[in-house]
Amino acid sequence: ITLLASRAVGMPVTIGKIEADWRGLRPHLVFTDVRLLDTQGNSALVLRRVDNVVSWTTLLSLELRLSTLEIDDPDLVIRRDKQGMLHVAGLQLSGQSSDNKLSDWLLHQSRILVSNGRVTWQDDLYDRPSLVLSQLRLRLDNSGKRHRFAVSVVPPADIAAPLDLRGNLVGKSFSDWSDWRGELFAQLDHADVGVWGAWLKLPDELSSAKGGVRAWLGIKGGQLERITADLN
């Protein structure tokens, strides 16, 4: 199991405890203390509990395929270093196709559910304070090349209301955006944009801006085709 998981995500994986039973005719596995290791063998990402219902297509594809993947209480750190490089869960994103191995694997799973997550943004390049987004919820449903997702996350109350993102996209791989198409939706009922200056470079005209937005974005050929927005 750890070998299949390591191959799927493209990095070493250790699992502290495995419990198994059945969900109908499908194997049901519960992993506790799952750790993804970096090149130095340190824990780059720790998941307290991962609930998996394994699909029998694993045998046909020779790749770990899950009917359902549930992750509870993940804690993810995204950092930009002083050279401007991004690090996700301690792993540097180089922009090479190998970076897409894990994300493409996620597109092959039937359903992914994330609950009660937390994302921390650290910007060492501009030496800004950390920004913590809490109560992250994610649902991703994949069927072939079609991918539907819904994400909600809660910023600090003095910055903005909860953010809601949804998408209905068609695409095969993150290595090639040219065939991606579909629609995205974003809703932010209220935001104090002036406060965002602690984390973003903003023009002077937005130094005291407040408002909300609902936006629909059309994607075609991997490019933004159109935007329709309601602004307040």
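These figures come from a predicted structure and were not determined experimentally.

Colleague: Break down the pairing of strand S13 (residues 210-220) for me, citing the residues and quoting the values.
Modeller: Each regular strand displays side chains that alternate between the two surfaces of the sheet. As paired elements, strand S12 (residues 181-192) and S13 share nine bridges and run antiparallel to each other. Residue pairing across strands places Ala 186 opposite Ala 215, the latter belonging to S13. Here S13 pairs with strand S14 (residues 223-231) via eight bridges, running antiparallel. If you follow Lys 220 over to S14, its bridge partner there is Gln 223.

Colleague: Explain the environment of Asn 142 to me, and be specific about the residues and the numbers.
Modeller: When you line up the elements, Asn 142 lands in strand S9 (residues 128-143). For Asn 142, a relative accessible area of 10% corresponds to the buried category. For the pair Asn 142 and Glu 225, spaced 83 residues apart in sequence, the C-alpha to C-alpha distance is 23 Å. If sequence neighbours within four positions are ignored, Asn 142 has contacts with Leu 106, Leu 107, His 108, Gln 109, Ser 110 and His 147. Among the polar contacts made by the side chain of Asn 142, one reaches the main-chain carbonyl oxygen of Leu 106 at a distance of 3.0 Å. A distance of 2.7 Å separates polar atoms of two side chains, one belonging to Asn 142 and the other to His 147.

Colleague: Could you give an account of the nonpolar core, naming the residues involved and the relevant values?
Modeller: Formed by 24 residues in total, the largest nonpolar core has its most connected members in Val 13, Val 34, Val 50 and Leu 69. Among the secondary structure elements, those contributing two or more residues to this core are helix H1 (2-9), strand S1 (13-23), strand S2 (26-37), strand S3 (43-54), strand S4 (66-72) and strand S8 (111-123). In terms of residue count, the dominant contributor to this core is S3 (five residues). Within the second largest apolar cluster, eight residues are counted, among which are Leu 131, Ala 191, Trp 199 and Ala 209.

Colleague: If you had to explain the pattern of salt bridges to someone new, which residues and values would you point to?
Modeller: Per the stated rule, a full pass over the model turns up 14 salt bridges. Between Asp 123 and Arg 128 there is a salt bridge, with its nearest N and O atoms 3.7 Å apart. The residue Glu 225 makes a salt bridge to Arg 226 at a minimum N-O spacing of 3.2 Å. Given a relative accessible area of 46%, Glu 225 falls into the partly exposed group. Residues joined by salt bridges that share partners form a network here, namely Arg 49, Asp 51 and Asp 72.

Colleague: Tell me about the environment of Ala 20, residues and numbers included.
Modeller: Within the element layout of this structure, Ala 20 appears in strand S1. The exposed category is assigned to Ala 20, whose relative accessible area is 59%. Between the C-alpha atoms of Ala 20 and Trp 105, which are 85 residues apart in sequence, the distance is 23 Å. In this structure, Ala 20 is in contact with His 28 and Leu 29, ignoring residues within four places of it in sequence.

Colleague: Give a detailed account of H1, specifying residues and quantitative values.
Modeller: Buried residues of H1: Ala 5, Ser 6, Ala 8 and Val 9, and no others. Looking straight down H1, one finds that the buried residues subtend no more than 160 degrees of arc, so they occupy a single side. Projecting away from the buried face of H1 at angles above 90 degrees are the exposed residues Leu 3 and Arg 7. The inward-facing, buried residues of H1 abut S1 and helix H3 (101-107). Where H1 terminates, the next one or two residues include Gly 10, which has phi positive at roughly 75 degrees.

Colleague: Go over unusual backbone geometry, please, and point to the residues and values.
Modeller: Even without being a glycine, Asp 33 presents a positive backbone phi close to 55 degrees. Note that Asp 33 resides in strand S2. Classification of Asp 33 as partly exposed rests on a relative accessible area of 29%. Positioned with a positive phi, Gln 135 is a non-glycine residue whose angle comes to about 50 degrees. Here Gln 135 is to be found in strand S9. The exposure class assigned to Gln 135 is partly exposed, which follows from its relative accessible area of 48%.

Procedures and definitions
Residues numbered from 1 in each chain as written. Predicted model: local features only at pLDDT ≥ 70, side-chain atom pairs only at ≥ 80, totals over all residues. Heavy atoms only, no water. Pairing = 2+ DSSP bridges. Helix = DSSP H or I, 4+ residues; strand = E, 2+ residues; numbered from the N terminus. Buried < 20%, exposed > 50% of the residue type's maximum accessible area, 1.4 Å probe, protein only. Contact = heavy atoms within 4.5 Å. Polar contact = N/O pair within 3.5 Å; in protein donor to acceptor, adjacent residues only side chain to side chain. Core = buried A, V, L, I, M, F, W, Y, C linked by side-chain atoms within 4.5 Å. Salt bridge = Lys/Arg side-chain N within 4 Å of Asp/Glu carboxyl O. Arc of directions from axis to C-beta.

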